[in-house]
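Geometric and topological summary
The lines below spell out each chain.
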Amino acid sequence: MEAQKDHYEVLNVSPTATTGEIKKAFRKLALKYHPDKNNNNGDTSERFTTIKEAYHILSDPKKRSAYNYRRYLKNPLRANKPQAYTADDVLHLSNKLTSELGLIDPYRLDRDLLYFQVMEILSDHHLSILQAANDNCINSEIVHNITKISGHLSLDRIELIVEKLQILSDADNYLTKKIAQFMLNAKQQYYWNRYKIFVAIGIAILFCFLVFLAGK
């Protein structure tokens, strides 16, 4: 059986490609491989169908996210990752991910991949290891790492991550406050990004009004 085609390779775009880049790549390939342009050639028609399927998945945020997760699970590099058996192992995984993220341009960051990696570190298996060890120093470092790198993610995903982190905080007041502050900052950033354009417009209108009054 033929292996499932990689939709990103089909459209010749990066997994971090924006929606605009995906649309541009699709239009270019669709124009080249459309059956009407190639006398309904069988190979070309099949290629065009594959291109449409890839675009159908990658142009829809929910379908793209689900596809990215399936793609992540099948990644051979993930399958060869060392297993975590101790709290120190889990800490090492969080340290490694934090270091790797520091080398990546935030504007080209694959946020789906980052989310999957964070949730894998905070898997039920790893959390049970950390709870059994009950090492406040290790838990604190892991919370620090995860909150540091998760700021790049959307609010709905941060909320799911925070639910996991709260299991680590348990009765530790310091960690509880740190996680709560992280969640508060994430919400503030979300609402600022959502409404800053209206704030800017309001300030511009106010400025124009003040200039108008000053000129009278």
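Our subject is the structure that appears above.
Just so it is clear, the model here is predicted, and its values are computed rather than measured. (Residues numbered from 1 in each chain as written. Predicted model: local features only at pLDDT ≥ 70, side-chain atom pairs only at ≥ 80, totals over all residues. Heavy atoms only, no water.)

In terms of regular secondary structure, the protein chain is built from 11 helices and zero strands. Listing each helix as α and each strand as β along the protein chain from the N terminus yields α-α-α-α-α-α-α-α-α-α-α. Over its C-alpha atoms the protein chain spans a radius of gyration of 23 Å, topping by over 25% the 17 Å that the globule rule assigns to 216 residues. Structurally, the protein chain occupies a C-alpha span of about 75 × 70 × 25 Å along its principal axes. Taking all 216 residues of the protein chain together, 35% fall into the buried category. Counted over contacts in the protein chain with a minimum sequence separation of 6, partners at least 24 positions apart contribute 70%. Carbon and sulfur atoms make up 56% of the accessible area of the protein chain, which totals about 14300 Å². (Helix = DSSP H or I, 4+ residues; strand = E, 2+ residues; numbered from the N terminus. Rg over C-alpha atoms; globule rule 2.2 N^0.38 Å. Buried < 20%, exposed > 50% of the residue type's maximum accessible area, 1.4 Å probe, protein only. Contact = heavy atoms within 4.5 Å. Areas by Shrake-Rupley, 256 points an atom, 1.4 Å probe, with all protein chains shown as cover.)

On to unusual backbone geometry, then. Peptide bonds are, in most cases, trans, and in most cases residues other than glycine have a negative phi. At N12, a position not held by glycine, the phi torsion is positive, near 60 degrees. You can see N12 is positioned in the loop between α1 (7-11) and α2 (19-33). Even without glycine at this site, N134 takes up a positive phi of about 50 degrees. One can find N134 in the loop between α8 (124-133) and α9 (136-150).

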